[in-house]
Amino acid sequence: MQSIIDKIQSGKRLTLEEGVALYDMDIFTLGELASAKRQALHGKKAFFNINRHINPTNVCVDICKFCAYSATRKNPNPYTMSHEEVMAIVDDVVARGITEVHIVSAHNREAGLAWYLDMFKAIKTKYPTLHIKALTAAEIHFLSTTYGMSYDEVLDTMIANGVDSMPGGGAEIFDEKVRNVICKGKVNSDQWIEIHRLWHKKGRESNATMLFGHIEGRRERIDHMIRLRTLQEETGGFNAFIPLVYQMENNYLNVPHAITGQEVLKTMAISRLVLDNIAHLKAYWVTSTINLALVAQEFGADDLDGTIEKESIQSAAGAKSANGIDISAMVGLIKNAGFIPVERDSLYNELRTW
Ligand code: V47
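First things first, this report covers the structure right here in the doc.

Reading the values: rules and limits
Residues numbered from 1 in each chain as written. Predicted model: local features only at pLDDT ≥ 70, side-chain atom pairs only at ≥ 80, totals over all residues. Heavy atoms only, no water. Helix = DSSP H or I, 4+ residues; strand = E, 2+ residues; numbered from the N terminus. Rg over C-alpha atoms; globule rule 2.2 N^0.38 Å. Buried < 20%, exposed > 50% of the residue type's maximum accessible area, 1.4 Å probe, protein only. Contact = heavy atoms within 4.5 Å. Areas by Shrake-Rupley, 256 points an atom, 1.4 Å probe, with all protein chains shown as cover. Near = heavy atom within 4 Å. Polar contact = N/O pair within 3.5 Å; in protein donor to acceptor, adjacent residues only side chain to side chain. Pairing = 2+ DSSP bridges. Axes fitted to C-alpha atoms, helices over the stretch in contact; angles between N-to-C directions.

## Topic: the overall build of the chain
And step 1. Within the chain one finds 14 helices and 10 strands.
And step 2. Computed over the C-alpha atoms, the radius of gyration of the chain is 19 Å, within 12% of the 20 Å expected from 2.2 N^0.38 for a compact globule of 354 residues.
And step 3. Projected onto its principal axes, the C-alpha coordinates of the chain cover approximately 55 × 45 × 40 Å.
And step 4. When each of the 354 residues of the chain is scored for burial, the buried share is 58%.
And step 5. Long-range pairs, those at least 24 residues apart, make up 73% of the contacts in the chain between residues at least 6 apart in sequence.
And step 6. A total of about 14000 Å² of accessible surface is found on the chain, and carbon and sulfur atoms cover 53% of it.

So, in structure tokens, the structure goes:
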């Protein structure tokens, strides 16, 4: 273990085997190593933003076993918002000074290409400075195959319609064996990577997620991180890595036990150490709980995501996040945890120190 510690302290890059071995380190030493890296990058700043999630449809042609959000037998509640409904939410959001809308939908064949893309044009035309973070690589793959467009064409159309950045969803776990069990049929790992590569090559930025705490093992998590690290080395387009803790309810993946808080914190710390070229590590409070997201700030994380206001994907699977979090609660909790609450925009420009 000492040789790995020496490597970390001299800033050398870790291998897959070393990443896996880090899980056997005691949690406090691991936390200290990750914290040192975090402090060197961001000091005591804990980033968050004031944002609104909008999920305009839950009708999906794909069946991901972990998903409780899409309309299925377990969630027989299909909906598709009209553009007017989406715009009413956006009008309200802008009136209250929110700077980002994060728009992610299911893969709805009935809605039509124009339904997906005209929504962004309408928002951007009315509110040119509002940041639109929208369409995961999974949705882009769906649009590409459904409407016979290349990835490049879909991405160019997104840009032409006003999308600013891409969220990190749909990555799940890249390992093909696990992926085949949990979400066979949707965007595969190479396609997910290729879509982000093309997006970055257009000078655009994105995030990357990893869904963990289900049937994957530690090795698959490190493999996932290293595939992202390799792309980041090539493009530099990722802003944040977001390990999403699997929520167990109302879905078709039978996982007998929830992941422990210790394993979550170890995964955060190892992410910070292995993924040495992505600037930000987000402890997404929705899936980790706000308490663990704050503790994670001592284990390498520097971001908690935002106020969100309405959360539909993870709350459908049991997370207590349906109504987001109040800004004053977010700021107070960060301060009480001993960090400096820094409000950021979607691309991590600092807006205000609270
Ligand atoms: O890719 C679905 C996940 C993701 C469950 O880029 C689940 O800033 C846990 O990607 N338990 C979509 N997670 C959300 C997402 C995201 C969230 C916040 C910020 C950003 C960003 C991106 O939600 C999907 C999937 O991995 N998800 N079901 C579940 N049961």
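## Quick look at the site of the ligand
And step 1. Around the ligand, 23 residues are found, and the nearest of them are K133, G168, G170, E172 and Q247.
And step 2. One nitrogen or oxygen atom from the side chain of K133 is found 2.7 Å from an oxygen atom belonging to the ligand.
And step 3. One of the side-chain nitrogen or oxygen atoms of E172 is found 2.4 Å away from an oxygen atom of the ligand.
And step 4. Contact with the protein chains removes 96% of the 610 Å² of surface that the ligand exposes when unbound.

## Observations concerning the sheet that holds strand β2 (residues 51-54)
And step 1. Pairing is parallel in the open sheet, where three strands are placed in the order β2-β3-β4. This sheet does not close on itself; its edge strands, each paired only once, are β2 and β4 (131-134). Direction aside, neighbouring strands of the sheet carry axes that sit 20 degrees apart on average.
And step 2. Pairing of strand β3 (residues 100-103) with β4, which is carried by four bridges, proceeds in the parallel orientation.

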